[in-house]
Amino acid sequence: MKARFLFRLIAIGLVFPALFACASYQTKLSDFRSALKSNQPAAAAEKIKEKAFKEGDDQVVYLFEYGTAEQIAGRYQESNQALLKAEDLTEIKDYHSVSRLGGSLLLNEGMVQYKGEDFEKVLLNGMLAVNFLMLNKLEEAQVECRKLNDKLYKYKFEGKKNYQQNPFAFYLSAMIWEANRDWDSAYIDFKKAYDLNPGMDYLKEDLLRAARAAQRDDEVERWRKAFPGVKPADLKTNGEVVLVYQQGWGPVKRPHPSFPRVPKLYPSFSRTERARLEIEGGPQATSQIAVNVTDVAMKQLDEQYAGLIAMRAAGIATKAVVSDQIRQKNELLGAVAWIGMNLTDQADLRQWLSLPASFQIAKLRLKPGKYRVRAVGLDSAGSPTGEEMSWQDLVVTARKKNFLNWRSLQ
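Residues numbered from 1 in each chain as written. Predicted model: local features only at pLDDT ≥ 70, side-chain atom pairs only at ≥ 80, totals over all residues. Heavy atoms only, no water.

## Description of the nonpolar core
Now for step 1: The biggest cluster of nonpolar side chains holds 97 residues, and the ones touching the most others in it are Leu133, Phe168, Tyr171, Phe190, Leu243 and Ile361.
Now for step 2: With 11 residues, helix α7 (residues 118-134) is the largest single contributor of residues to this core.
Now for step 3: Excluding anything up to four places from it in sequence, Phe168 contacts Gly126, Val130, Val244, Ala290, Val291, Phe359 and Ile361. (Core = buried A, V, L, I, M, F, W, Y, C linked by side-chain atoms within 4.5 Å. Buried < 20%, exposed > 50% of the residue type's maximum accessible area, 1.4 Å probe, protein only. Helix = DSSP H or I, 4+ residues; strand = E, 2+ residues; numbered from the N terminus. Contact = heavy atoms within 4.5 Å.)

What follows is the structure, given as structure tokens:
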């Protein structure tokens, strides 16, 4: 009787709910994604708002999605409310109960509360930095940039993980220092961004300009030799329009082909790959990649495979022990329990689905005056894709930066 009761507990209380959760998670956000892809971010946010602010195993991931949708809708304060709450939840150390962890060993990782992948916890601060930037809270934006790289530093030196710091955060921070005319700090962060992403052409001019303004004569000479022909623009008489462009969709989790009990990230196709910043009747600039989110996410998840596989191996051993105990009482029930528990042991595919594939920057220097500006999506050949940011009216003043945010979703 005890064996029969234990089996019923596993089959009814654990196996069936776990199977339902695994089968339905990816579909729970299908309406949300469809609304975003249809350029209805406010409607998308409304679809998951209740789940985002309701305690539960998936609350963190719903807060990620809700915060993203509100950001795309231009409701940066509401986005901050969700993302800051998500950050608080991801930092709670004693997050999983012993019973839940035991259930995850018997069944699957979907039975524990989701805390986010390392790369999601890091990019959370990048998204918050963008929000504060759009709210013209430059100091708060800079704090988020610092927190982002502090997390990566902690992961690397305390967690012994081979994570690089984020050039996008350093670049945003450098522009904020520049806006506040702290040229030495601006130069330091431009240099850090260049060390991590030397392929970003904007940095050539940025390094020369910041080194000159900071009176770092040796560095000015160094960069002149490194970048012959590059002449930094004079920002004393010009203003600057900076587009923070979030491109496409980040990678998607699917079961790993070699070990289906753990997830693997796969790139998402995005038709719009770049953005062209346009001034009505004036100059244009094409965006440059500051950080490739897809590459970062896939690399960081790869770093975790050993731990993920070890956890699932422990789960297999736990299942073997439990099913053997049942088998000693009833051979058939033990066999069925073994099959049932392994059927439910699927990869945890929960993730921040609405992250962009990359963060990019486009910049234009303009004389003081009134302008109309927009962003136009471009495909891999540089042709317009039909995605466009609506025209914005800007007043440009000397020595000031005007920040814009745009997300493409096709």
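## Some words on the packing of helix α8 (residues 138-157) against helix α9 (residues 167-179)
Now for step 1: Relative orientation of the contacting elements α8 and α9 amounts to 150°, with a least axis distance of 9 Å. With respect to their mutual orientation, α8 and α9 come out roughly antiparallel. In the crossing of α8 with α9, the sense of the turn from one axis to the other is left-handed. Contact with α8, carried on its side by Leu138, Ala141, Gln142, Cys145, Leu148 and Asn149, involves Ala169, Phe170, Leu172, Ser173, Ile176, Trp177 and Ala179 of α9 and no other residues of that element. (Axes fitted to C-alpha atoms, helices over the stretch in contact; angles between N-to-C directions. Parallel < 35°, antiparallel > 145°, perpendicular 65-115°, else oblique. Left-handed = near helix turned anticlockwise from the far one by under 90°.)

## A closer look at helix α13 (residues 293-303)
Now for step 1: Those residues of α13 not exposed but buried are Val293, Thr294, Ala297, Gln300 and Leu301. The buried side chains of α13 occupy one side of the element, clustering within an arc of 140° when seen end-on.
Now for step 2: If you check the start of α13, you find a side-chain oxygen 3.1 Å away from the backbone N of Thr294, and it comes from Asn292. (Arc of directions from axis to C-beta. Polar contact = N/O pair within 3.5 Å; in protein donor to acceptor, adjacent residues only side chain to side chain.)

## Looking at the environment of Leu123
Now for step 1: By the element assignment, Leu123 lies in helix α7.
Now for step 2: You can call Leu123 buried: its relative accessible area is 4%.
Now for step 3: Spatially, the C-alpha atom of Leu123 lies 9.9 Å from that of Asn149, the residues being 26 residues apart in sequence.

## What to know about the pattern of salt bridges
Now for step 1: Taken as a whole and assessed by the stated rule, the structure comprises 27 salt bridges.
Now for step 2: Asp195 serves as the salt-bridge partner of Lys191, at 3.0 Å between the closest nitrogen and oxygen. Of the two residues, Lys191 and Asp195 both sit in helix α10 (residues 183-196), four residues apart, roughly one turn of that helix.
Now for step 3: The partner of Arg365 in a salt bridge is Asp206, with the nearest N and O atoms 4.0 Å apart. On the criterion of sequence distance, the pair formed by Arg365 in strand β7 (residues 358-366) and Asp206 in helix α11 (residues 202-213) is long-range, its members being 159 residues apart.
Now for step 4: Overall, Asp206 belongs to the buried group, its relative accessible area being 1%.
Now for step 5: One connected set of salt bridges, linked through shared partners, spans Glu178, Glu205, Asp206, Arg209, Glu240, Lys363, Arg365 and Lys401. (Salt bridge = Lys/Arg side-chain N within 4 Å of Asp/Glu carboxyl O.)

## What to know about the pairing of strand β4 (residues 274-279)
Each regular strand shows side chains that alternate between the opposite faces of the sheet.
Now for step 1: Extensive coverage of β4 is indicated by the burial of five of its six residues.
Now for step 2: Relative to strand β8 (residues 369-378), β4 runs antiparallel, the two being bridged by six bridges. Looking at β8, one finds that Ala275 is bridged to Gly377.
Now for step 3: Bridge count between β4 and strand β5 (residues 284-286): three bridges; the pairing is antiparallel. Bridge pairing in β5 links Glu278 to Gln284.
Now for step 4: Between β4 and β5, which pair antiparallel in sequence order, lie four residues; one of them, Gly281, sits at a positive phi of approximately 70°. (Pairing = 2+ DSSP bridges.)

## Some thoughts on a positive patch on the surface
Now for step 1: There is a patch of like positive charges on the surface, built from Arg181, Lys236, Arg399 and Lys400.
Now for step 2: Structurally, the position occupied by Arg181 is in the loop between α9 and α10. (Patch = residues over 30% accessible without salt bridge, like charges linked within 9 Å, V, L, I, M, F, W, Y side chains within 5 Å. Areas by Shrake-Rupley, 256 points an atom, 1.4 Å probe, with all protein chains shown as cover. Lys, Arg positive; Asp, Glu negative; His and termini not counted. Charge placed at Lys NZ, Arg CZ, Asp CG, Glu CD.)

## Some thoughts on the packing of aromatic side chains
Now for step 1: Going through the model one piece at a time under the given rule, you end up with 10 aromatic pairs.
Now for step 2: Seen from their ring centres, Tyr245 and Trp406 are 5.4 Å apart, and the 20° between their planes marks the pair as stacked. Of the two residues, Tyr245 is situated in strand β1 (residues 239-247) and Trp406 in strand β11 (residues 401-407); the sequence distance between them amounts to 161 residues. You'll find Tyr245 and Trp406 in the same group, each marked buried.
Now for step 3: An aromatic cluster of at least three residues, connected via ring pairs, comprises Tyr194, Trp223 and Phe227.
Now for step 4: The ring of Tyr266 has Lys264 lying over it, and the distance from NZ or CZ to the ring centre is 5.9 Å. (Phe/Tyr/Trp six-rings, centres within 6.5 Å; stacked < 30°, edge-to-face > 60°. Lys NZ or Arg CZ within 6 Å of the ring centre and 35° of its normal.)

The values reported here are purely geometric and, on their own, carry no functional implication.
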